[in-house]
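Examination of the molecular architecture
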Amino acid sequence: MSITRINEFRAIEGSSALLRDQIILLVPVIESAEGCLSCQLLQSQKSENHFILIEVWDDVHSHQESLKNVRPDVFHEVRKHLAVPPTGEYYDYCHAR
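One structure accompanies this document, and this report is about it. (Residues numbered from 1 in each chain as written. Predicted model: local features only at pLDDT ≥ 70, side-chain atom pairs only at ≥ 80, totals over all residues. Heavy atoms only, no water.)

1. Describing the overall build of the chain
- Scanning the chain from terminus to terminus reveals three helices and four strands.
- Going from N to C terminus, the chain has its helices and strands arranged as β-α-β-β-α-α-β.
- In terms of C-alpha radius of gyration, the chain reaches 14 Å, essentially the compact-globule figure of 13 Å for 97 residues.
- Residue burial in the chain is summarised as follows: out of 97 residues, 35% are buried.
- Taking all contacts inside the chain whose residues are at least 6 apart in sequence as the whole, residues at least 24 apart take part in 70%.
- Total accessible area on the chain stands at roughly 6400 Å², and carbon and sulfur atoms take up 54% of it.
- Looking at the chain, you have 9 positive and 14 negative side-chain charges, and the mean spots of the two groups are 4 Å apart. (Helix = DSSP H or I, 4+ residues; strand = E, 2+ residues; numbered from the N terminus. Rg over C-alpha atoms; globule rule 2.2 N^0.38 Å. Buried < 20%, exposed > 50% of the residue type's maximum accessible area, 1.4 Å probe, protein only. Contact = heavy atoms within 4.5 Å. Areas by Shrake-Rupley, 256 points an atom, 1.4 Å probe, with all protein chains shown as cover. Lys, Arg positive; Asp, Glu negative; His and termini not counted. Charge placed at Lys NZ, Arg CZ, Asp CG, Glu CD.)

2. Here we look at the packing of aromatic side chains
- What the rule picks out here adds up to zero aromatic pairs.
- The ring of Tyr 90 has Arg 5 lying over it, and the distance from NZ or CZ to the ring centre is 4.7 Å. (Phe/Tyr/Trp six-rings, centres within 6.5 Å; stacked < 30°, edge-to-face > 60°. Lys NZ or Arg CZ within 6 Å of the ring centre and 35° of its normal.)

3. Digging into the pattern of salt bridges
- The full count for this structure, using the stated rule, is five salt bridges.
- As a salt-bridge pair, Asp 21 and Arg 20 come within 3.6 Å of each other at their nearest N and O atoms.
- Judged by its relative accessible area of 36%, Asp 21 falls in the partly exposed class.
- The class of Arg 20 is partly exposed, set by a relative accessible area of 28%.
- Note that Glu 65 is salt-bridged to Lys 68, the shortest N-O span being 3.0 Å.
- Overall, Glu 65 belongs to the partly exposed group, its relative accessible area being 35%.
- Exposure remark for Lys 68: the relative accessible area of 63% places this residue in the exposed category. (Salt bridge = Lys/Arg side-chain N within 4 Å of Asp/Glu carboxyl O.)

Quick look at the structure:
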């Protein structure tokens, strides 16, 4: 069964568009990684500085391996626009019985 990775990003005040544009550039890189089933970037309607990146993967290992596909300078560009370090967590699907 697949897993979901939910990542949270908070932009520095006034940098939301710059952060959004940097993360948007990452989406096709993530989607093309082996084991990625989907990737969506969402921006909060309440706070334009708050973003969620939802990734669905075959497994945790596939996600972790995909990080090797992202150039270090891309991570650096993203970090320049963050108010706080990003957070992320893996989730399993729960189904009603």
